[in-house]
Amino acid sequence: MDNSLPPADELVLVDRELAQLDTRRSQLLARRAWLIQVLYPPVAAAAPLRPRPPVADSTPRSAQNVLLTLGGTLLTIAAVAFTLVSWGSMGIGARATVLAVVTGAALTAPVALLRKGLVSTAEAVAALGLVLMVLDAYALHRVALPEADGLGYTAVASAVLAAAWTAYGSALSRLRIPLPVAVAAAQLPLPLGVLAAGGGSTAFAWAALLTATADAAVVLWTRPVAVRITAGTAATALGGWALLTGGWLSLVSPWSGAPLLLAGAAVTLYGAWRVPAFAAAASAVAGLAVLTAVGGLLRSALPADWAVPGYVLCALALTSVWRLGGGTAAGDDVPGPGGDASEATGGDASHGAGSDPAVPAGAGARPPRGIRLGLAGAGAGVAALGLVWALPPVAVGLLGPVARTSAVWSGEHAARALTSFPATAVLVLAVAVAALAALPRLWARCGALALSWALLTALPVSFELPYAATLALQLFTTAAALWIAVRPGPLTRGLRAVTAPAGRPGAPGADMPDPHAAPREAGSTTPEAPATASAPATAGPATPPVPGPGAPWAAWAPSRPRAQAPAVEPGTALGRTAYVGGLASAVSAVALALDVRGATFAALGVVLALLAAVAVLGTDARRVVSACGAVLAATGLVFAVAAAGGFADHWTALALLLVPAATAGLGSRAPRPVALAVEITGGAVGVLALGIAASRPAFLALALALSGVIAAATAVRPERRRFASWTAAVLFLLATWVRLAVWDVTTPEAYTLPVTVPALAVGFLRRRRDPEASSWTAYGPGLAVTLLPSLLAAWTDPEWARPLALGVAALVVTLLGARFRLQALLVLGGAVLALDGLHELAPYVVQAVGALPRWLPPALAGLLLLAVGATYEQRLRDARRLRERLARMR
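Because the structure is a prediction, the values reported are computed rather than measured. (Residues numbered from 1 in each chain as written. Predicted model: local features only at pLDDT ≥ 70, side-chain atom pairs only at ≥ 80, totals over all residues. Heavy atoms only, no water.)

Section: the overall build of the chain
- Assigned secondary structure in the chain consists of 33 helices and 2 strands.
- Every one of the 890 residues in the chain was classed for burial, and the buried ones make up 34%.
- With an accessible surface of roughly 50900 Å², the chain has 70% of that area assigned to carbon and sulfur atoms. (Helix = DSSP H or I, 4+ residues; strand = E, 2+ residues; numbered from the N terminus. Buried < 20%, exposed > 50% of the residue type's maximum accessible area, 1.4 Å probe, protein only. Areas by Shrake-Rupley, 256 points an atom, 1.4 Å probe, with all protein chains shown as cover.)

Some remarks on helix α22 (residues 649-656)
- Burial analysis of α22 places 6 of its 8 residues in the buried class, which makes it a mostly covered element.
- Among the residues making up α22, those that are buried are His650, Thr652, Ala653, Leu654, Ala655 and Leu656.
- For α22, the elements touching its buried residues are α21 (620-645), α23 (658-667), α24 (672-693) and α25 (697-714). (Contact = heavy atoms within 4.5 Å.)

So, the pattern of salt bridges
- In this structure the tally under the stated criterion is 6 salt bridges.
- One salt bridge in this structure joins Glu679 and Arg720, with 2.6 Å as the shortest N-O distance. Separated by 41 residues along the polypeptide, Glu679 in helix α24 and Arg720 in the loop between α25 and α26 (721-742) bring together distant segments of the chain. This pair shows no difference in class: Glu679 is buried, exactly as Arg720 is.
- Between Glu719 and Arg717 there is a salt bridge, with its nearest N and O atoms 3.1 Å apart. (Salt bridge = Lys/Arg side-chain N within 4 Å of Asp/Glu carboxyl O.)

Here we look at the confidence of the model for the chain
- Looking at the chain, pLDDT values average 79 and 76% of them are 70 or higher.
- Per-residue pLDDT stays below 50 along residues 53-61; that stretch engages in 2 contacts with residues further than four places along the chain or on separate chains. (pLDDT = per-residue confidence, 0-100.)

Focus: the packing of aromatic side chains
- Throughout the structure, instances matching the rule amount to 3 aromatic pairs.
- When the centroid spacing of 5.1 Å and the interplanar angle of 70° are considered together, the rings of Trp651 and Phe699 count as edge-to-face. In this pair, Trp651 is assigned in helix α22 and Phe699 in helix α25, connecting sequence segments 48 residues apart.
- The exposure class assigned to Phe699 is buried, which follows from its relative accessible area of 15%.
- Of note, Arg372 hangs over the ring of Trp322, and the distance from its end group to the ring centre comes to 4.7 Å.
- Taking the ring centre of Phe820 as reference, the NZ or CZ of Arg819 above it sits at 5.2 Å. (Phe/Tyr/Trp six-rings, centres within 6.5 Å; stacked < 30°, edge-to-face > 60°. Lys NZ or Arg CZ within 6 Å of the ring centre and 35° of its normal.)

Here we look at the environment of Leu220
- The topology assignment puts Leu220 in helix α8 (residues 201-221).
- Placed 12 residues apart in sequence, Leu220 and Gly232 show a C-alpha to C-alpha distance of 9.5 Å.

A word on the packing of helix α14 (residues 392-399) against helix α16 (residues 442-463)
- Contact geometry of α14 with α16 gives a least axis separation of 7 Å together with a crossing angle of 80°. When the axis of α14 is compared with that of α16, the two are roughly perpendicular. Here Pro393, Val394, Val396, Gly397 and Leu398 of α14 come into contact with α16, specifically with Trp453, Ala454, Thr457, Ala458, Val461 and Ser462.
- Considering only residue class, the contact of α14 with α16 consists of 8 nonpolar, 3 polar and no charged. (Axes fitted to C-alpha atoms, helices over the stretch in contact; angles between N-to-C directions. Parallel < 35°, antiparallel > 145°, perpendicular 65-115°, else oblique. Nonpolar A, V, L, I, M, F, W, Y, C, P; charged D, E, K, R; others polar.)

Some remarks on the packing of α22 against α23
- For the pair α22 and α23, interaxial distance at closest approach is 4 Å and the crossing angle is 5°. In this view, α22 runs roughly parallel relative to α23, as classed from their interaxial angle. Between α22 and α23, the residues in contact are Leu654, Ala655 and Leu656 and Leu658, Val659 and Pro660, respectively.
- Tallied by class, the residues present in the contact of α22 with α23 amount to 6 nonpolar, no polar and no charged.

Topic: unusual backbone geometry
- If you check the backbone angles, Asp620 has positive phi at about 45° while not being a glycine.
- Relative to the elements of secondary structure, Asp620 occurs in helix α21.

Digging into a nonpolar patch on the surface
- Taken together, the side chains of Trp34, Leu35, Ile36, Val38, Leu39 and Tyr40 define a hydrophobic patch exposed on the protein surface, amounting to about 630 Å² of accessible area.
- Tracing the backbone through its elements, the reader meets Ile36 in helix α1 (residues 7-39).
- The exposure class of Ile36 is partly exposed, given its relative accessible area of 36%. (Patch = residues over 30% accessible without salt bridge, like charges linked within 9 Å, V, L, I, M, F, W, Y side chains within 5 Å.)

With respect to the nonpolar core
- In terms of nonpolar packing, the biggest core is built from 27 residues, with Leu442, Leu471, Leu475, Leu482, Leu574 and Val607 touching the most fellow members.
- Going through the elements one at a time, α16, α17 (467-486), α19 (570-593), α20 (597-617) and α21 are the ones with two or more residues in this core.
- Looking at this core element by element, the count peaks at 8 residues for α19.
- By size, the runner-up hydrophobic cluster in this structure holds 26 residues, among which are Ala627, Leu704, Leu731 and Ala735. (Core = buried A, V, L, I, M, F, W, Y, C linked by side-chain atoms within 4.5 Å.)

Some thoughts on the side chain of Ser790
- The residue Ser790 is located in helix α29 (residues 780-796) in this model.
- Polar contacts involving the side chain of Ser790 include one to the side chain of Glu749, which spans 2.7 Å.
- Not counting the four nearest positions on each side in its chain, Ser790 is found in contact with Glu749, Arg802 and Leu806. (Polar contact = N/O pair within 3.5 Å; in protein donor to acceptor, adjacent residues only side chain to side chain.)

Points about the side chain of Thr211
- Mapping Thr211 onto the fold places it in helix α8.
- In this structure, Thr211 is in contact with Ala186, Gln187, Leu190, Pro191 and Leu238, ignoring residues within four places of it in sequence.

Notes on the environment of Ala265
- Mapped onto the fold, Ala265 is located in helix α10 (residues 254-274).
- Take Ala265: its relative accessible area is 4%, and that puts it in the buried class.
- Spatially, the C-alpha atoms of Ala265 and Ala289 are 5.8 Å apart, while their sequence positions differ by 24 residues.
- Among residues more than four places away in sequence, those in contact with Ala265 are Ala286, Ala289 and Val290.

Remarks on the environment of Leu465
- Mapped onto the fold, Leu465 is located in the loop between α16 and α17.
- Given the relative accessible area of 24%, Leu465 is considered partly exposed.
- Those residues within four positions of Leu465 in sequence are excluded, and the remaining contacts are Arg416, Leu459, Pro460, Thr470 and Leu473.

Pasting the structure below:
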């Protein structure tokens, strides 16, 4: 071994390398141990398992409550049985002694039990004492006052018991049962006293209302939750009964029901003002009560036809309460910083629990939002019901002409419907239009526009206008609505685009300022601009909080952009609303005009002109729909002209072809969406014309040919060339077939060759453009259309000319396929040639087989099988070679 270094130096070098390898190995081993520790942490030793104590089926407290309840129930049952069953076997002294001792013990025992901390036991014993007091009252009536009236005695006894239980519960405030029971007992004195005094339903309703008022006071000025819940439930039940009775009285005796309803509305509205959580619902009930009372008085003073308009006017007046809170001020219900909404709505949310009943100073300036919302909602609901009442004339005016009962152009008009319906329905619609038009909101403006259309539609029905005036008014309504659909600008004054928030609350556009809102007061606080006492007078640029352990991510992380839905332009919304009404009126006017010939021409002409104008001046989908409607109106005019001229059906069909011809001409100049819709509608009219002409085959052939000419003219345009050219070819082919059928031509080649020749030409052109195209796609359909029907005809033809011509044609096709290596030509031509030859040779083969001896066919078959078996391998190779050659063909 030839080394370049001396042995001593080389030894030093080797030792140094080995030392470095040892150091690197130690490092790798340490790293390996750390990785193992990270990937597979050591498992701590499992703590010794300790037996878990059995889970108790019930806690000691629940078990105690069950035992106390059962014990109290049993004692109550025993007391009732003693009072009702065993009372007569004792003297008067014994009775008084037993009642006094037992009742006194039951009522005084809770005092000692509460001192020892046995609250649940004290509750059970106190409940028993309350039941005993009821039994004492019953016993007193049976023994001492048997002649007293039952209802009167019950009313007095319930009042005394309510007062006693109230004093008892107030003295022992730790007991939760006496005070709610006292509230429940206090519901009986007034109603039962009225019934005992012989009062009717009105007096009973007043008693219930007074009791409900007292319950509302208990809710507002007491603190225990159980007492407030009991009083609130009772107030709702009795107050609801009083208001329902007042509503019934407003129908039968308005002057008796109105004071009751107004008083109930005042109480309910005061409760809504003091309890903001229920302000909307309570104020809605109060609003309905006021409307029922005032509307009932108006109904008694006005004629019957003016009852609903009176209610609607009162409802709209009540709805205007919402305008009292146009701005956000001290009295509104917008929460300030660090407070809730109740601080701005006129009272604390805890009213009724001993809070100060004082109302903030600004709250008296305008009603809180919840109250305004409830009152406005009640008024809007009643107004909506009034609009529903006024809709039948609108439906009859719109749909009445469509439901025809007379023949077209008979001069007879359908009988009028709803002749007894009040004409004041149009007044309700007019008042609603005026009310909605006064609101600078897009939804209100759209509603006013729709109700204006409904008003014009209902006028002929409500005022029983004559036929000519009705038709003129419907055409005027159509023209006005379609004009507004094209030019809605005058109706959009004072409106702005409405942006619908697409994300969560707070998205841009979610809260839009009211254009009629009052200016904010200086220093007022809103959620958008909070201000606190410690805030500096001048605010600089906002600085995001510094992230830290106590700062949540949402507080300092950059917020993502929120999605925002596209704005709804006022012009677009109003235009679409008017357009729908205009189309409906147009259809109704045309249906109404069918009674008279001249009216039909006039209505169709006006509708055609209006829809054509909208198609030219309109935008978006309204333009497309109007263009299609204009085509249909033109079709109606053609039908009307043909009917007026006494044309036969086949001449009418030819006249209808003028419509698709006109649409094909207009489609070349109209914008793309409009052109496509117009041409499709014209094509549908052309199909209708072909259906009408089907009864006369000769005219059907002519109509098909004319339709093909129209389609061929349309194919001149580059964007329609592909579809229109194929359509024209199909129409010309159908026209040819129908004409041949009219001429009684039964030769199949006369029907198939007109298809085969163009198909082969198209296939040849495609093969020139795309040499890789399959021959089955290029030539297969064209050849099959002629060869297969001709083959079927040749098999049933007794003459020799057709099989000979078919065989020659099949031979030519087969040779061309073999020459140009086209699989479709070779297979189709060979198959047809073989079947045609078999058909021609079959009689001679049968004749020859019949002349041969009977043993010869089996012998020939055996020789054939022997020959095939001897050359089996060669035949397989020939078959594979033939299959490969066919597969290589196109």
